[in-house]
Amino acid sequence: HSTQSVVYCSLLSDCVGCCECACGKKCRSAAFLCAAFFGALGSSFLYGYNLSVVNAPAKDIKAFYNLTWLSRYGEPAAAETLTLLWSVTVSIFAIGGLVGALVVSYLIKVLGRKGTLLANNSLAVIAALLLALGEKARSFEMLIIGRFIIGMDSGISLSALPMYLGEISPREWRGSIGQVNAVFICLGVFTGQLLGLPEIFGHVSVWNFLFVFLAVPALLQLCTLPFLPESPRFLLMERRDEARAEKAFKVFLGKTDVSAELEEVHAESRAQNTLQMASALELFRNRAVRWQTITVIVTMACYQLCGLNAIWYYTNGIFEAAGFNKATIPYITLSTGGIETLAAVASGLVIERIGRKPLLIFGFSAMAVCFTLLTIFLHFQDSFSWMPYLSFISILAVIASFCSGPGGIPFVLTGELFEQSYRPAAFMVAGVVNWLSNFAVGLLFPFIQNALQTYAFMVFVVVCVLGAVYLLIVLPETKNKTFVEISQSFSKINKISQMPDKEMEDVFPVKPGQVEIGDGLKGQTVLLL
């Protein structure tokens, strides 16, 4: 084929008739990888970045708040006022995320998966402007509003992106591609720590550049996603556009014959009781998805309440309590972000071999052991000079254990446990649980730490153990299964049975060379020899 056809494939990912040529499969594989890379860059990456970016400039931002208060009211802000302003600045991110999670199901229904991601970039750009210009405008209100808006962006993207990636991925790659979400969250955390070093943007004159950076991933996503297709499942099952769905499958999978993938979606459509999108209330009422819903709630709650956010929010204080020098803490913190990223990448490489369930159970169990060891080491840190180093190793082990499974698989499971009509509502419920739990940890952990001192992390041990036991008993393995097969795995525990004729229809769909006989033989399939 000509050079022009190679350029056409590379730029538009739309050459659907040349899969036998050298350009075809490579270009369509590139389209699939581009969707994962740029989708996660403008979504998960920004969420992770915002988890860590406010830690380094905290003292400079508080000084700016105090200076602004002094210029307005002629006196410095009281210590309680300054603490309140800073607490609102940090915690309102979770409130924004909760609002984003509440509206995401409506946005996904109206705009589609890709369309929601694209529209969401406007929130990131607006937030970047408010956060970056707040100091120049002498307005701490701009920083607080900016944090709320970027929280909304994260709340929307953490539901829309896993849904998009799960629906465009072949089932044998679904877990690995789903872990891209976790990898980019870790990369975002690491980047926030790196740019926050005193040698880069972590000092008084340039801390606002940390927030300018928010616009860069959003703009990159905005420039690339328009050239990639919408989710083929969304196009076929919700828009009833089989031509565009077939075209999207060809682009993402790199082959011209996608009849098997189309038939899988049709089988899922036939297996559903309704093609209308279910609401969150219907999700709780429907017995057919009761344990899927409970599993998502438990898994997402454990994702936030297992204690890792307490590590991130209060890393500096924990390391100071462990006896480390204040000047070295930013660099020690940077190592935690690197370990997190490496563990997430390793999990993505093995998830399709080991499976979701073993990685989740191992991750929560290992966290429980590491938190127990951390408690012991913190308790005896004044007795031995080398004990702080064991505390540091325990913290790294907690982070690695989290990223080995619990750090990304809950988002993969939310997309896998539900069929198309329930998926948006499921992601909304998961998002609400995620952000409420996030807010609870940030709000309550300081009080728990004051009350329990070195035993504070034992609370997270209980959460991790309970989560691991629940998953061991209830969760079926979802590796390499279709969405219909996963739903059927829950039939027994939900105490429902599928109609025999529907089962036959799912197992033996009508194909070329077959015909359905009506009237007396209605519902039976006869093979024409």
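Small disclaimer: the values here were computed from a predicted structure and weren't measured. (Residues numbered from 1 in each chain as written. Predicted model: local features only at pLDDT ≥ 70, side-chain atom pairs only at ≥ 80, totals over all residues. Heavy atoms only, no water.)

J.: Quick question: what am I supposed to make of the overall build of the chain here?
T.: Of regular secondary structure, the chain possesses 25 helices and 2 strands. Residue burial in the chain is summarised as follows: out of 529 residues, 55% are buried. A separation threshold of at least 6 residues defines the contact pool for the chain, and within that pool the share at least 24 residues apart is 78%. Of the roughly 22,600 Å² that the chain leaves accessible, carbon and sulfur atoms contribute 67%. (Helix = DSSP H or I, 4+ residues; strand = E, 2+ residues; numbered from the N terminus. Buried < 20%, exposed > 50% of the residue type's maximum accessible area, 1.4 Å probe, protein only. Contact = heavy atoms within 4.5 Å. Areas by Shrake-Rupley, 256 points an atom, 1.4 Å probe, with all protein chains shown as cover.)

J.: When you look at unusual backbone geometry in this model, what are you seeing that I'm missing?
T.: Only a minority of non-glycine residues have a phi that is not negative, and only a minority of peptide bonds are not trans. Backbone geometry at R138 places phi at a positive 55°, although glycine is not the residue there. Here R138 lies in the loop between α5 (79-133) and α6 (140-168). Notably, N480 is not glycine yet its phi reads approximately 60°, a positive angle. With respect to the secondary-structure elements, N480 resides in the loop between α22 (458-474) and α23 (483-489).

J.: It is not clear to me how the confidence of the model for the chain should be interpreted in this structure. Could you clarify?
T.: Parts of the prediction with low pLDDT should not have their coordinates interpreted in detail. The predicted model of the chain has a mean per-residue pLDDT of 83, with 85% of residues at 70 or higher. Within the model, pLDDT remains below 50 along residues 1-28, and this stretch shows 45 contacts once partners closer than five positions in the same chain are excluded. Counting contacts from residues 499-529, a segment whose pLDDT is below 50, to residues more than four positions away or on other chains yields 30 contacts. (pLDDT = per-residue confidence, 0-100.)

J.: I tried to follow the nonpolar core on my own but got confused; where do I start?
T.: By size, the foremost hydrophobic cluster in this structure holds 134 residues, and its most contacted members are Y65 and F371. Considering each element in turn, this core owes the most residues, 17 residues, to α5. Beyond its immediate sequence surroundings of up to four residues, Y65 is in contact with L82, L85, W86, T89, F140, L143 and I144. Core analysis: the next-biggest nonpolar cluster, separate from the first, contains 11 residues, L235, L236, A245 and L253 among them. (Core = buried A, V, L, I, M, F, W, Y, C linked by side-chain atoms within 4.5 Å.)

J.: In this structure, what is going on with the packing of helix α17 (residues 329-354) against helix α18 (residues 356-379)? I would like to understand it.
T.: Geometrically, a packed helix pair is captured by the angle between its two axes and the distance between the axes. Look at α17 against α18: their axes get within 7 Å of each other, and the N-to-C directions meet at 125°. The angle between α17 and α18 places the two elements in the oblique class. Contacts between α17 and α18 involve S347, V350, I351, E352 and I354 from the first element and R356, P358 and L359 from the second. A breakdown of the residues in the contact of α17 with α18 according to their chemical character gives 5 nonpolar, 1 polar and 2 charged. (Axes fitted to C-alpha atoms, helices over the stretch in contact; angles between N-to-C directions. Parallel < 35°, antiparallel > 145°, perpendicular 65-115°, else oblique. Nonpolar A, V, L, I, M, F, W, Y, C, P; charged D, E, K, R; others polar.)

J.: Could you clarify how one ought to interpret the state of the cysteines in this entry?
T.: Formally, a disulfide is one covalent bond, and it connects the sulfur atom of one cysteine to the sulfur atom of another. Applying the stated criterion to the full structure yields 0 disulfides. Looking at C302, it has no disulfide partner, and the nearest cysteine sulfur is the one in C464, 7.4 Å off. (Disulfide = S-S within 2.5 Å.)

J.: Would you explain the packing of aromatic side chains in this entry?
T.: Each pair of aromatic rings is reported with the distance of its centres and the angle of its planes. Summed over all chains, the structure comprises 24 aromatic pairs. With 5.0 Å between their ring centres and 85° between their planes, F37 and F38 make a pair best called edge-to-face. Here F93 and W435 contribute two aromatic rings whose centre-to-centre distance is 5.5 Å and whose plane-to-plane angle is 75°, an arrangement assigned as edge-to-face. Remark: W435 occurs in helix α21 (residues 423-452) and F93 occurs in helix α5; sequence separation between them is 342 residues. Residue F93 shares its accessibility class with W435, and that shared class is buried. (Phe/Tyr/Trp six-rings, centres within 6.5 Å; stacked < 30°, edge-to-face > 60°.)

J.: I'm lost on the environment of T482 in this one. Help?
T.: Relative to the assigned elements, T482 resides in the loop between α22 and α23. Accessibility expressed as a relative area gives 11% for T482, which makes it buried. Distance from T482 to E172, taken between C-alpha atoms, is 9.5 Å for residues 310 residues apart in sequence. For T482, the residues in contact, after removing those within four places along its chain, are R171 and E264.

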